[in-house]
Amino acid sequence: MKAVVQNGFGLSSVAVTDVDEVPFLPMSAEIETKKVPLLPYDIMKINGELYTDKQTTLGYGAVGVVTKVGALRSKKLIGQRVIVLDQNGTFKEKIVSNMPPLIIPIPDEVADEEAVAVIGGVDTAYMLMKKIIRAATATKQVVILGANSVVGISLIQLLKNKGNVTIIPEVRQESRNYFDRLVESLGMDAFLNTEKIMADALVVDIAGNQGLVSLYKNQGFEIISVVIQGVPGIKFVSAPLFPNEYALILDMMAQKKLRVFIDKDFSVNQIDEAINYQIMSYSRGRNVISFD
Ligand SMILES: NC(=O)c1ccc[n+]([C@@H]2O[C@H](COP(=O)([O-])OP(=O)(O)OC[C@H]3O[C@@H](n4cnc5c(N)ncnc54)[C@H](OP(=O)(O)O)[C@@H]3O)[C@@H](O)[C@H]2O)c1
């Protein structure tokens, strides 16, 4: 079967290759892959910024359709559109999942290209939203660095739904018009705050720019980051969601209370073009790789 395999580092190490099918067990479910998100995480692996095995299939999440189940799995799953999470790699035509909680059904109202933006995007924003709500006692300001990112746009919407924080978005000049247009289309102009930043504001870093974060660190702000690790004064945060939280996110999307944005949808055969585009472009929504 076809898979996108990284064998070494750099763009030249990535190729669409034939790989062996994995063993199918009584607990297994087979998912025919439709779409996968191309994430900053994948680019970091390709660039060698993250450790990888010598040969690895890219991706850890996908959207697809269940085509086969083992004797110990519910037959009702067959034909179901799902999000599947699998650390063994998901950029491949078929994924065999052996962990029941890591298959999340997608409601009919949510399209494949919307559901794919949940993986490493809305889910991360949801994780951040929980931490922010826990930290914010009264009405509190939250400064978001990299607010135009996929995670940032999702986080702003989630926080708006919760209602007890005001948001100060920080976006670099090149992305300002894009961000302003999105804010307008989401009807969030009134919700965002550009007033003076109070001393007890929480800074949420999604951009990973050390220089920018230092400006806030030097002023003594509390900072959490989904990118920067191992720097005193900056708390790196990362945590998985529970399956019911994925279901909640998908339900919000089905009810149009939460919108996601896709930039480009590439065929798997255009993987080099997709990776180059992702590296060279500002964030304008999630880039997606299609297998169908
Ligand atoms: N900790 C976790 O569990 C976890 C989970 C998922 C993702 N992440 C990380 O979260 C980050 C955001 O993910 P995403 O999918 O939302 O990415 P994304 O849509 O590609 O957005 C990246 C953001 O970073 C900004 N940025 C990049 N380089 C910058 C620089 N030098 N200076 C200022 N801003 C810069 C981008 O601004 P422009 O658009 O203007 O370039 C954009 O706002 C990624 O680093 C990802 O690896 C962490």
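An unreviewed UniProt entry annotates the protein as Enoyl reductase (ER) domain-containing protein of Weissella cibaria.

Caption draft 1: The domain arrangement of the protein, seen in detail. Domain assignment breaks the protein into domain 1 (2-105 + 261-290) and domain 2 (122-236). Taken together, the two surfaces of domain 1 and domain 2 that pack against each other cover about 850 Å², and 59% of this comes from carbon and sulfur. Interface area lost by domain 1 to domain 2 is led by Phe261, Tyr282 and Arg284, which between them contribute 63%. Summed over the shared surface of domain 1 and domain 2, the number is zero salt bridges. Counting the contacts that link domain 1 with domain 2 gives five residue pairs in polar contact (both at pLDDT 80 or more). Its residues placed into classes, the side of domain 1 that touches domain 2 shows two nonpolar, two polar and two charged.

Caption draft 2: Local environment of the pattern of salt bridges. Enumeration according to the criterion identifies seven salt bridges in this entry. The salt bridge involving Lys94 is made with Glu21; its shortest N-O contact spans 3.4 Å. Taken together, the residues Lys94 in strand 7 (residues 94-97) and Glu21 in the loop between strand 2 (14-18) and strand 3 (29-38) connect sequence positions 73 residues apart.

Caption draft 3: View of the site of the ligand. Around the ligand sit 21 residues, and of these Asn148, Ser175, Ser238, Ser283 and Arg286 come closest. One nitrogen or oxygen atom from the side chain of Arg172 is found 2.9 Å from an oxygen atom belonging to the ligand. In this structure, an oxygen atom belonging to the ligand sits 2.7 Å away from a side-chain N or O atom of Ser238. Coverage of the ligand by the protein chains reaches 80% of its 930 Å² of free accessible surface. Across the shell around the ligand, the residue classes tally to ten nonpolar, nine polar and two charged. Here the shell around the ligand spans two domains, since at least three of its residues come from each of domain 1 (2-105 + 261-290) and domain 2 (122-236).

Caption draft 4: Expanded view of the sheet that holds strand 1 (residues 2-7). The three strands are arranged 2-1-4 in an open sheet whose pairing can be described as antiparallel. Since the sheet does not close on itself, it has two edges, and those belong to strand 2 and strand 4 (55-57), each with one partner. On average, each strand axis in the sheet is tilted by 40 degrees relative to the strand beside it, whichever way the strands run. As judged from the five bridges shared by strand 1 and strand 2, these two strands associate in the antiparallel manner. When the sheet's bridge partners are listed, Ala3 is paired in strand 2 with Thr17.

Caption draft 5: How the structure looks around helix 3 (residues 122-135). Given a rise of 1.5 Å per residue, 14 residues ought to cover 20 Å, and the 20 Å separating the end C-alpha atoms of helix 3 matches this to within 8%. By the burial criterion, the buried members of helix 3 are Val122, Asp123, Thr124, Ala125, Tyr126, Met127, Leu128, Met129 and Ile132.

Caption draft 6: Broad picture of the nonpolar core. By size, the foremost hydrophobic cluster in this structure holds 57 residues, and its most contacted members are Ile83, Leu128, Ile144, Leu155, Ile156 and Val204. For this core, the secondary structure elements donating two or more residues are strand 6 (81-85), helix 3, strand 9 (140-145), helix 4 (150-162), strand 10 (165-170), helix 5 (176-185), strand 11 (202-205) and helix 7 (243-254). Among the elements that line this core, the one with the most residues is helix 3, at seven residues. Counting the residues that make up this core, at least three belong to each of domain 1 (2-105 + 261-290) and domain 2 (122-236). Ignoring any residue separated from it by four or fewer positions in sequence, one finds Ile83 in contact with Ala62, Val63, Leu102, Ile103, Ile104, Ile106, Ala115, Val118, Ile119 and Leu250.

Caption draft 7: Region of interest: helix 7. Spanning twelve residues, helix 7 covers 17 Å between terminal C-alpha atoms, matching the ideal 16 Å at 1.5 Å per step. Buried within helix 7 we find Glu245, Tyr246, Ile249, Leu250, Met252, Met253 and Ala254. In the core, the buried residues of helix 7 are packed alongside strand 6, strand 8 (103-105), helix 2 (112-115), helix 3 and helix 4. At the exit of helix 7 stands Lys256, carrying a positive phi of roughly 60 degrees.

Reading the values: rules and limits
- Residues numbered from 1 in each chain as written.
- Predicted model: local features only at pLDDT ≥ 70, side-chain atom pairs only at ≥ 80, totals over all residues.
- Heavy atoms only, no water.
- Domains from an automatic or database assignment.
- Buried area = accessible area lost by both parts, 1.4 Å probe.
- Salt bridge = Lys/Arg side-chain N within 4 Å of Asp/Glu carboxyl O.
- Polar contact = N/O pair within 3.5 Å; in protein donor to acceptor, adjacent residues only side chain to side chain.
- Nonpolar A, V, L, I, M, F, W, Y, C, P; charged D, E, K, R; others polar.
- Helix = DSSP H or I, 4+ residues; strand = E, 2+ residues; numbered from the N terminus.
- Near = heavy atom within 4 Å.
- Areas by Shrake-Rupley, 256 points an atom, 1.4 Å probe, with all protein chains shown as cover.
- Pairing = 2+ DSSP bridges.
- Axes fitted to C-alpha atoms, helices over the stretch in contact; angles between N-to-C directions.
- Expected span 1.5 Å × (residues − 1).
- Buried < 20%, exposed > 50% of the residue type's maximum accessible area, 1.4 Å probe, protein only.
- Core = buried A, V, L, I, M, F, W, Y, C linked by side-chain atoms within 4.5 Å.
- Contact = heavy atoms within 4.5 Å.

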